[in-house]
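Now for the letters of each chain:
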2 protein chains.
Amino acid sequence: MSNRMRSVAPQAHLAAPSPGETPTARLAAPLASRPLYLQARDLLLRRIVDGTWKPGGYLPSEPQLAFDLGVSIGTIRKAMEDLVGQGLLERQHGRGTQVVPHSSDRSRFRFLRFVHGDGRPFRPVAHVLAAATARADAQDRAALGLGAGAKVLVLLRTRSEDGVPLIYERIALPADPFAALKAEPGAEMLEEIYVLYQARCGQTVARARDTIATDRASSAMAGALCCPPGAPLLLVRRVAVALTGDPIEYRQSWTAALEYRSDLD
Amino acid sequence: MSNRMRSVAPQAHLAAPSPGETPTARLAAPLASRPLYLQARDLLLRRIVDGTWKPGGYLPSEPQLAFDLGVSIGTIRKAMEDLVGQGLLERQHGRGTQVVPHSSDRSRFRFLRFVHGDGRPFRPVAHVLAAATARADAQDRAALGLGAGAKVLVLLRTRSEDGVPLIYERIALPADPFAALKAEPGAEMLEEIYVLYQARCGQTVARARDTIATDRASSAMAGALCCPPGAPLLLVRRVAVALTGDPIEYRQSWTAALEYRSDLD
DNA sequence: AAGTGGTCTAGACCACTAT
DNA sequence: TAGTGGTCTAGACCACTTC
C-alpha cells in the first residue's frame, strides 16, 4: 500500500475549475514512496526548464495545479515554497506565481558582489573588447566539464564606472548552445549578460560558485585597467551552472581597486 | 475582530500533555494582526537568545509548544521551519528539535571558506600568538559599532596545516562580554573559536559578512607566513553578528597561498 | 509501546489584485 | 466581484527513535 491510499480517495477533487476538463498530469504510481511534494516540485522544475512556463510568465493557480497533479493545495504550496527558496519562482499576493526572469534590477546573485573599498556599491557598464570562438584551454575544460578538443565562445570585456574601467573579464561559454551570442546585436554594452543567456540561448543560470584569489596583471590587463604589468590584482573565478546542473559559464574577473563582498550571510 | 477569532475556538486544545498543566505563554492580543507564525518564531528565537533552551539542548515537542502558545501544530511547524532555514534549529525525525551548537564539524558557515589552489579543503590548526586588551582603532570601532574610547580584546593567531602557517589572523572582540576569553585555558589551539564565544561568553554568532581584498604583507605577517614583506596577500575581513543583531567580532585574515570560495550558491 | 517529527488532506477565512 | 495567494486549524496516517 502506498502512502497515498487514504480514507479519502485523492481523486475526489470537487474543485474542477472548468467542467469537463481533465487532469494534465499525474504523479508517480502508488508504489513510489517518494514524498508527493518532492515529485510535484520536480515536475514544476521540469516544466520551467523545458520552457512550458517561460521566465516572466505565470504558473497556473494553486487549485488548478492541485487538480492537474491530483494532490491537495497544501502539497502544491510546499513544492512551490521550495522553488521560491531557490529563487526560481516569485509569488505575488492576489496576482499569481511567476517564473523569475533574470534582470539587472533583480539578479539571483545578490549575495556576492563587487563593492568599492569604502563599501559603496559598484554600478558598472560593460564593454565587450572581443568575442571569438576558440579551442577550450585546460582551465575552461575543467571548469565546464568539456572534452579534449571542445570549442568555447570567449568574451573579453571591461566593466567601467563613470568611464573608468575597474574590472577586466574573460568569459568562456560552451560553443554549442551559445553560438547565437557571438553576433548578438546590443550585447556589447549589456551589463547583465545572464538575461541574454536566457533570452537568446535558452540557458537559465541557477547557481554559481565563486573562488577568490590574488593574481598579477598581464600586459593586456594592465592596458585595460591602467595599472603596471605585474601589479597585484583580485581575481574572482566563477562557474555558473544551469537549472539542469550542467556548468555553462566560466568567468574570470580581475580588479585592482574593488573588493568582493558577501551579503550579511 | 482578530484574524484568530474563528468558528473553532483556539483555546479548545484537547491534547494537553500533562493533565492540569497550564500554558506558559500566549501570543499577542487579538488586536495585533501580525501573523501568528511570525509571533511564534520570534518567541522561540527570544528563548534561544535568552538561554531558555541552550545550544545542543532540545525544545519541547510540537504538541507541547502548540499547547503552550495556544496555536495549532501547523503554526508551530511553520515558525520552526523558518529557524531551521536560518541554521538555528535542527530537527531529527523521531528524536526532537535541537538548538544547533557551533562545532568544528558542523559550522554555520560552510558557504564561504578557505581552500587550496587545487580545490583541496583547508584543514587548519590554530595557534594564538598574543591576546591582549587594547583601545579599539578606527576600523574596529566602525566594524563593531563602538564609541571613541572603547576597548577591544585583540587576538593574533596563525592557522597552520601540517605545521605550515598559511593564515595570519587578527580578531577584535568587544572587551565587555569577551573579557573571560583572555585567559581561557586551551583556547590557544582551538580552531573553532565560535564554540568558545558561545560556551564561555554566551555569545552566539548568527551571521557574518565577508569582504575580500588584496593587501601587502607587513613585517609581522611576513615573519609569520614566511613570505617577503610587501608580498601581495589575500585579505578577508569578517564582521560577525550575534543573534541580537549586534556585531561581536571583527576578523582580518591574511593569506598568501590559499583561495577563498563560496559553496555552489 | 510511546513519543517524536514528516507527509498529506480538507476546509475556513483573510488580504491583495484585477476588472 | 471574482480570483489569487496567505494564514490557520484539525486530524489522519506514516516513519523514525527510544525504551
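Computed from a predicted model, the values in this text were never measured in an experiment.

Q: Pulling in residues and values, what's your account of the environment of Tyr-37 of chain A?
A: All names here are of chain A. If you trace the backbone, Tyr-37 turns up in helix α1 (residues 36-49). When its relative accessible area of 27% is taken as the criterion, Tyr-37 is described as partly exposed. When sequence neighbours within four positions are dropped, the list of residues in contact with Tyr-37 reads Thr-75, Lys-78 and Ala-79.

Q: Give me the protein's contact with DNA strand C: which residues, what numbers.
A: Taken together, 22 residues surround DNA strand C, and among them Leu-36, Ser-72, Thr-75 and His-93 of chain A together with His-93 of chain B come closest. Backbone atoms, meaning sugar and phosphate, form 79% of the atoms of DNA strand C found within 4 Å of the protein. Within the side chain of Thr-75 of chain A, an N or O atom sits 2.4 Å from a phosphate oxygen of DNA strand C. The contact in question runs from a sugar or linking oxygen of DNA strand C to an N or O atom on the backbone of Gly-94 of chain A, over 3.5 Å. Those elements that place two or more of their residues in the surface near DNA strand C are α1 and α3 (73-85) of chain A together with β1 (89-92) and β2 (96-99) of chain B. Across the surface near DNA strand C, the residue classes break down as 5 nonpolar, 11 polar and 6 charged.

Q: Report on helix α6 (residues 193-201) of chain B, specifying residues and quantitative values.
A: Residue and element names in this part refer to chain B. Buried within α6 we find Ile-193, Tyr-194, Leu-196, Tyr-197, Gln-198 and Cys-201. Packed against the buried residues of α6 are β5 (151-161), β6 (164-174), α5 (175-178), β7 (205-216), β8 (232-242) and β9 (247-255). Just downstream of α6 lies Gly-202, where phi reads positive at about 65°.

How each quantity is defined
Residues numbered from 1 in each chain as written. Chains lettered and ligands numbered in written order. Predicted model: local features only at pLDDT ≥ 70, side-chain atom pairs only at ≥ 80, totals over all residues. Heavy atoms only, no water. Helix = DSSP H or I, 4+ residues; strand = E, 2+ residues; numbered from the N terminus. Buried < 20%, exposed > 50% of the residue type's maximum accessible area, 1.4 Å probe, protein only. Contact = heavy atoms within 4.5 Å. Near = heavy atom within 4 Å. Polar contact = N/O pair within 3.5 Å; in protein donor to acceptor, adjacent residues only side chain to side chain. Nonpolar A, V, L, I, M, F, W, Y, C, P; charged D, E, K, R; others polar.

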